[in-house]
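# Observations on the model geometry
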Amino acid sequence: MSRVALVTGGTRGIGAAISVALKGAGYRVAANYAGNEEKAKAFADETGIPVFRWDVSNYQACVDGIADVEAKIGPIEILVNNAGITRDAMFHKMTPQQWNEVISTNLTGVFNMTHPVWSGMRDRNFGRVITISSINGQKGQMGQANYSAAKAGDLGFTKALAQEGAAKGITVNAICPGYIATEMVLAVPEKVLNERIIPQIPVGRLGQPEEIGRVVVFLASDEAGFITGSTISANGGQFFV
Ligand SMILES: NC(=O)c1ccc[n+]([C@@H]2O[C@H](COP(=O)([O-])OP(=O)(O)OC[C@H]3O[C@@H](n4cnc5c(N)ncnc54)[C@H](OP(=O)(O)O)[C@@H]3O)[C@@H](O)[C@H]2O)c1
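Along each chain, numbering runs from 1 in the same order as the chain's sequence is written. Local features are withheld for residues below a pLDDT of 70 in this predicted model, meaning they are given only at 70 or higher, and side-chain atom pairs are given and counted only at 80 or more; totals for whole chains, interfaces and linings count all residues. Side-chain calculation: all heavy atoms of the structure are included, whereas hydrogens and water are not.

Summing up its helical and strand segments, the protein has nine helices and seven strands in all. Whereas a compact globule of 241 residues would reach a radius of gyration of roughly 18 Å, the protein reaches 17 Å, a difference of no more than 12%. Across its three principal axes, the protein shows a C-alpha extent of roughly 50 × 40 × 35 Å. Partly exposed residues are those whose accessible area sits between 20% and 50% of the maximum for their type, while under 20% is buried and over 50% is exposed, using a 1.4 Å probe and protein chains only. A burial count over the protein gives 47% of its 241 residues as buried. Charge assignment: positive for Lys and Arg, negative for Asp and Glu; neither His nor the chain ends contribute. Where a charge lies is defined by one atom per residue type, namely NZ (Lys), CZ (Arg), CG (Asp) and CD (Glu). Here the protein carries 21 positive and 21 negative side-chain charges, and the mean point of each set is 3 Å from the other. Here a strand is any run of E in DSSP of at least two residues, a helix any run of H or I of at least four, and the numbering for each starts at the N terminus. The size measure is the radius of gyration over C-alpha atoms, and the globule rule it meets is 2.2 Å times the number of residues to the 0.38 power.

What follows concerns empty space enclosed by the protein. Definitions used for this entry: grid spacing 1 Å over protein atoms alone; cavity, a set of points where a 1.4 Å probe fits but cannot get out; pocket, an open set with protein on both sides within 12 Å along at least 5 of 7 lines; lining residue, one with an atom within 4 Å of a point. Grid points are joined across faces, edges and corners, and a volume is the space filled by probe spheres set on the points. Counted according to the given criterion, the structure contains one cavity of 30 Å³ or more. The space that makes up the largest cavity amounts to roughly 40 Å³. The wall of the largest cavity is formed by T8, V56, N81, N82, A83, T105, G109, V110 and M113. Sorting elements by how many residues they give to the lining of the largest cavity places helix α4 (residues 96-124) first, with four residues. Counted by class, the lining of the largest cavity contains four nonpolar, five polar and no charged residues. Ten residues, namely Ala, Val, Leu, Ile, Met, Phe, Trp, Tyr, Cys and Pro, are considered nonpolar, four, namely Asp, Glu, Lys and Arg, are considered charged, and the remaining ones, Gly among them, are considered polar.

A few words now on the UniProt feature "domain: Ketoreductase" (unreviewed entry) in the protein. Residues annotated in UniProt with the feature "domain: Ketoreductase" (unreviewed entry) correspond here to residues 3-178. In residues 3-178, the share of helix is 52% and the share of strand is 18%. The end C-alpha atoms are 29 Å apart. UniProt positions are given in the numbering used here, feature names are shortened, and annotations may be inferred rather than shown by experiment.

Here, the term nonpolar core denotes a set of buried Ala, Val, Leu, Ile, Met, Phe, Trp, Tyr and Cys residues that are joined through side-chain atoms within 4.5 Å. L6, W54, V69, I76 and M113 are the most contacted members of the largest nonpolar core, which totals 23 residues. Listed by contribution, the elements that provide at least two residues to this core are β1 (4-7), α3 (59-72), α4, α6 (145-165) and β6 (170-177). For this analysis, residues touch if any pair of their heavy atoms sits within 4.5 Å. Once you skip the residues sitting within four places of it in the chain, M113 turns out to touch L6, T8, W54, V56, C62, I66, L79 and N81. In terms of nonpolar packing, the next biggest core, distinct from the first, is built from 22 residues, I14, A16, A31 and I132 among them.

Even without glycine at this site, N125 takes up a positive phi of about 55°. Mapped onto the fold, N125 is located in the loop between α4 and β5 (127-132). The exposure class of N125 is partly exposed, given its relative accessible area of 46%.

This brings us to the site of the ligand. The cutoff for a nearby residue is simple: one of its non-hydrogen atoms must lie within 4 Å of the molecule or strand. By nearness alone, 30 residues border the ligand, and R12, G35, N36, N82 and Y147 come closest of all. Polar contacts here mean pairs of N or O atoms no more than 3.5 Å apart (in protein, one a potential hydrogen donor and the other a potential acceptor; neighbouring residues in sequence count only if both atoms are side-chain atoms). Separating an oxygen atom of the ligand from a backbone N or O atom of A34 is a distance of 2.9 Å. Between the ligand and the protein, one listed contact pairs an oxygen atom with a backbone N or O atom of I180 at 2.8 Å. Using a 1.4 Å probe, the Shrake-Rupley method yields the accessible areas, and only the shown protein chains count as cover for residues. Protein contacts shield 93% of the accessible area of the ligand, which totals 910 Å² for the unbound molecule.

Now for the pattern of salt bridges. Here, a salt bridge means any side-chain nitrogen of Lys or Arg that lies within 4 Å of a carboxyl oxygen of Asp or Glu. Tallied over the entire structure, the rule returns 10 salt bridges. Between E183 and K39 there is a salt bridge, with the nearest N and O atoms lying 2.9 Å from each other. Of this pair, E183 sits in helix α7 (residues 183-186) while K39 is found in helix α2 (residues 37-47), placing the two residues 144 residues apart along the sequence. Among the residues examined, E183 registers a relative accessible area of 47% and is labelled partly exposed. Here K41 makes a salt bridge to D45, at a shortest N to O gap of 2.9 Å. Linking K41 with D45, this pair stays in helix α2, spanning four residues, or about one helical turn. The same class applies to K41 as to D45, namely exposed. Linked by salt bridges that have partners in common, R3, E77 and D222 make up one network.

Another aspect to go through is the pairing of β1. Side chains V4 and L6 of β1 all project onto a buried face; the interleaved residues A5 and V7 project onto the opposite face, where all are buried too. Strand pairing is assigned whenever DSSP identifies at least 2 bridges connecting the two strands. When β1 meets strand β2 (residues 28-33), the two strands line up parallel, connected through four bridges. Looking across to β2, one finds that V4 is bridged to R28. When the strands point away from the viewer and the path from the first strand over the helix to the second turns clockwise, the crossover is right-handed. Handedness of the β-α-β unit built from β1, helix α1 (residues 13-24) and β2 comes out right-handed.

Structure (structure tokens):
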């Protein structure tokens, strides 16, 4: 039977493209989402991928949601930590709430999701944990002290956990997308995109969500077992580590 993959925030944007790419590669896929029922239902109807609602910033909700997915589909062998939010503000105007919401979702959410699946992966001697970080976790971005801190934290988490998983057949990797054409980025005024953002990208365009989906399919495969603790940049040449 084909392996089971769970994608957080898997119903919209990059996550939706990841879910579809994994399904196309033959995995049994479950997609989690936070609360946008309309988008989740449309996604499930269109793709046939089952959707599950819970908040990744809540540990118990993750434990319960994962148990539900495993009962309905099977043990999770591939976890894609994709759910993420922005609450941008210059630091002198950033509120503790803006800080906490982003850290709770984008960093603690990765712990909350990975911790409940980890023992099962160890027991089965196979696992793939793939976290969607960001170019802004690598280089920092003004107006995003919260987001850059969380996404850089995801990279430290990945490198530490890769060392723990290696002897048990579990790989732990991160992908750092640059600017990808999702609702998050297309909400930026066209003039700003064309005059300020795209000129910073050497390939001269935004990335497509499907381009991240293909990286996930590669890292998820059994054949990628020698790649762990890695950060793969997919940013059109905008930033080299
Ligand atoms: N777009 C870019 O250019 C870009 C660049 C670098 C990195 N990234 C990262 O890539 C990931 C996806 O970004 P995107 O642009 O595709 O975002 P998006 O279009 O805003 O979609 C976000 C997804 O995450 C879900 N989500 C948000 N908070 C959640 C929570 N607490 N619990 C469960 N699900 C939650 C949303 O669910 P609902 O639909 O229910 O709200 C939605 O499915 C994020 O981690 C983002 O930081 C994006």
